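# Reading the structure
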Amino acid sequence: MAAPIDLELKKAFTELQVKMIDTQQKVKLADLQIDQLTRVQKHAKLTHTEITTLPDNTRLYEGVGRMFILQSKEDINNQLKDKQKTADEKIKELEQKKVYLERSVKEAEDNIREMLLSRRAQ
């Protein structure tokens, strides 16, 4: 009777190990994406603060590929605000995803603990 229990526990532990490795990789990926998005956000914010100090009649160009396109100050400010907003939204989504992943691993660990405790009680 001890052999089937051991096989069941071994299977549960291997599943938990695979799930933890997968989750850790996903959390690291989310952290990298959050770091990259915060850099984009800071860059857009700095550019926005520099542009606001310029006079209204200043000619501003936006880099597109290998060329530069003349844009109005208002258009560039709107684009920078949109960049900041989308980066902020993506950061929030990634943080929620990280919380979910960590919670799912914690639940799997708790399930295995319960299994071990119930086996010991028998």
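Residues numbered from 1 in each chain as written. Predicted model: local features only at pLDDT ≥ 70, side-chain atom pairs only at ≥ 80, totals over all residues. Heavy atoms only, no water.

A word on the pairing of strand β2 (residues 67-71). Pairing of strand β1 (residues 60-64) with β2, which is carried by five bridges, proceeds in the antiparallel orientation. Along β2, the bridge assignment pairs Gly63 with Phe68. Connecting β1 to the antiparallel partner β2 that follows it, the hairpin turn spans two residues, and Gly65 within it adopts a positive phi of roughly 65 degrees. (Pairing = 2+ DSSP bridges. Helix = DSSP H or I, 4+ residues; strand = E, 2+ residues; numbered from the N terminus.)

So, on to the pattern of salt bridges. Enumeration according to the criterion identifies five salt bridges in this entry. Here Lys92 ties to Asp88 by a salt bridge, and the two come within 3.7 Å at their closest N and O atoms. Pair noted here: Lys92 and Asp88 are both in helix α2 (residues 73-121), with a separation of four residues, about one helical turn. By relative accessible area, which is 49% here, Lys92 ends up partly exposed. On the basis of relative accessible area, Asp88 is assigned to the partly exposed category, the value being 31%. Among the salt bridges present, the one from Arg113 reaches Asp110, with a minimum N-O distance of 3.3 Å. Residue Arg113 and its partner Asp110 are both found in helix α2; the two are separated by three residues, about one turn of the helix. (Salt bridge = Lys/Arg side-chain N within 4 Å of Asp/Glu carboxyl O. Buried < 20%, exposed > 50% of the residue type's maximum accessible area, 1.4 Å probe, protein only.)

Within the protein chain, residue pLDDT values average 88, and 96% of them lie at 70 or more. Within the protein chain, no element has a lower average pLDDT than helix α1 (residues 2-52), which sits at 88, and none a higher one than β2, at 94. (pLDDT = per-residue confidence, 0-100.)

Next up on the list: the nonpolar core. Counting six residues, the largest nonpolar core is built from Ala30, Ile34, Leu37, Ala87, Ile91 and Leu94. Secondary structure elements with two or more residues in this core: α1 and α2. If we skip the residues at most four places from it in the chain, Ala87 touches Leu37 and Gln41. Counting five residues, the second largest nonpolar core, distinct from the first, contains Ala44, Leu60, Ile76 and Leu80. (Core = buried A, V, L, I, M, F, W, Y, C linked by side-chain atoms within 4.5 Å. Contact = heavy atoms within 4.5 Å.)

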